[in-house]
Amino acid sequence: DLAAILEKVCGAPFAVRSGDGKDGLAVGTAGDFPALALKDEFDGEPLRRREQYILRSHPDGLLAVAAEASGVEPAVSDLLHRLGYRRFFPGRAWEIVPRSQELSLAVDAKEAPSFASRRIWYGFGELAENSGAFDEWRRRNRVPGAYEIETGHAYEDIVRRNRAQFDA
């Protein structure tokens, strides 16, 4: 997916290959690149670690490496955002692809979401025929989170279960 978008940006194909992460654009988890010794750079607290990632440029390439698999996609989405790629709303009409024959990015960032669960919704995304475009939009904007918590319309139930406290 990343290679396809970068090809749109540059107009040239991007080869996807395995490697040790020391050159090129390394995308994966710290465990995928043991030679880079990145495991100690990530937070030990499980909820923060789950989606934590680093973006780091170096003379031979760039790292988009996450602590765990659930952080790889947010790392890729952040990388694309820093390169100017945008997905404002679901659907291809709202995709902004920058055009440049040369890609460069100087970055040294360690990121983790402020909230373990994030959710944005509106009418478009809840329809079955729109679910693919909506899911892609959510991923590009780092919205899904490592897990989902359903809390919509919970206030009435909270009041009902705690009627005496609310009455007081």
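Residues numbered from 1 in each chain as written. Predicted model: local features only at pLDDT ≥ 70, side-chain atom pairs only at ≥ 80, totals over all residues. Heavy atoms only, no water.

Caption draft 1: A look at the overall build of the protein chain. In terms of helices and strands, the protein chain carries six helices and six strands. Along the protein chain, helices (α) and strands (β) appear in the sequence α-β-α-β-β-α-β-β-β-α-α-α when read from the amino end. The C-alpha radius of gyration of the protein chain comes to 19 Å, more than 25% above the 15 Å expected for a compact globule of 168 residues. Projected onto its principal axes, the C-alpha positions of the protein chain cover 65 × 40 × 25 Å. Evaluated residue by residue, the protein chain yields a buried proportion of 32% over its 168 residues. Put simply, of all contacts in the protein chain between residues at least 6 apart along the chain, 59% involve residues at least 24 apart. Separation between the mean location of the 23 positive side-chain charges and that of the 27 negative ones in the protein chain comes to 1 Å. (Helix = DSSP H or I, 4+ residues; strand = E, 2+ residues; numbered from the N terminus. Rg over C-alpha atoms; globule rule 2.2 N^0.38 Å. Buried < 20%, exposed > 50% of the residue type's maximum accessible area, 1.4 Å probe, protein only. Contact = heavy atoms within 4.5 Å. Lys, Arg positive; Asp, Glu negative; His and termini not counted. Charge placed at Lys NZ, Arg CZ, Asp CG, Glu CD.)

Caption draft 2: Layout of the packing of helix 1 (residues 2-10) against helix 3 (residues 72-82). Orientation of helix 1 relative to helix 3, taken along the N-to-C sense of each, is 5°, at an axis distance of 11 Å. As far as their axial angle goes, helix 3 and helix 1 are roughly parallel. For the pair formed by helix 1 and helix 3, the contact residues are Leu2, Ile5 and Leu6 on the first element and Val76, Leu79 and Leu80 on the second. When grouped by side-chain class, the residues that make up the contact of helix 1 with helix 3 number six nonpolar, no polar and no charged. (Axes fitted to C-alpha atoms, helices over the stretch in contact; angles between N-to-C directions. Parallel < 35°, antiparallel > 145°, perpendicular 65-115°, else oblique. Nonpolar A, V, L, I, M, F, W, Y, C, P; charged D, E, K, R; others polar.)

Caption draft 3: Structural detail: the pattern of salt bridges. If you walk through the whole model with that rule in mind, you get 17 salt bridges. Residue Arg138 pairs with Asp135 through a salt bridge whose shortest N-O separation is 3.7 Å. Linking Arg138 with Asp135, this pair stays in helix 4 (residues 131-140), spanning three residues, or about one helical turn. Residue Asp167 pairs with Arg163 through a salt bridge whose shortest N-O separation is 3.3 Å. Separated by four residues within a single helix, Asp167 and Arg163 lie in helix 6 (residues 163-167), roughly one turn from each other. For Asp167, a relative accessible area of 55% corresponds to the exposed category. Judged by its relative accessible area of 43%, Arg163 is partly exposed. Look at the salt bridges and you will find they share partners, linking Lys8, Arg87, Arg92, Glu95 and Glu136 into a network. (Salt bridge = Lys/Arg side-chain N within 4 Å of Asp/Glu carboxyl O.)

Caption draft 4: Molecular detail of the packing of aromatic side chains. In total, this model carries two aromatic pairs according to the counting rule given. Here the aromatic rings of Tyr155 and Phe166 are separated by 6.2 Å at their centres, their planes lie at 85°, and the arrangement is edge-to-face. One end of the pair, Tyr155, is in helix 5 (residues 155-161); the other, Phe166, is in helix 6, with 11 residues separating them in the sequence. Judged by its relative accessible area of 55%, Tyr155 is exposed. (Phe/Tyr/Trp six-rings, centres within 6.5 Å; stacked < 30°, edge-to-face > 60°.)

Caption draft 5: Representation of the nonpolar core in the model. Grouped together as the largest cluster of nonpolar side chains are 19 residues, with contacts concentrated most on Leu2, Leu55 and Leu80. When residues of this core are traced back to their parent elements, those giving at least two are helix 1, strand 2 (53-58), strand 3 (61-66) and helix 3. Core analysis: the next-biggest nonpolar cluster, separate from the first, contains nine residues, Ala26, Phe33, Ile54 and Ala67 among them. (Core = buried A, V, L, I, M, F, W, Y, C linked by side-chain atoms within 4.5 Å.)

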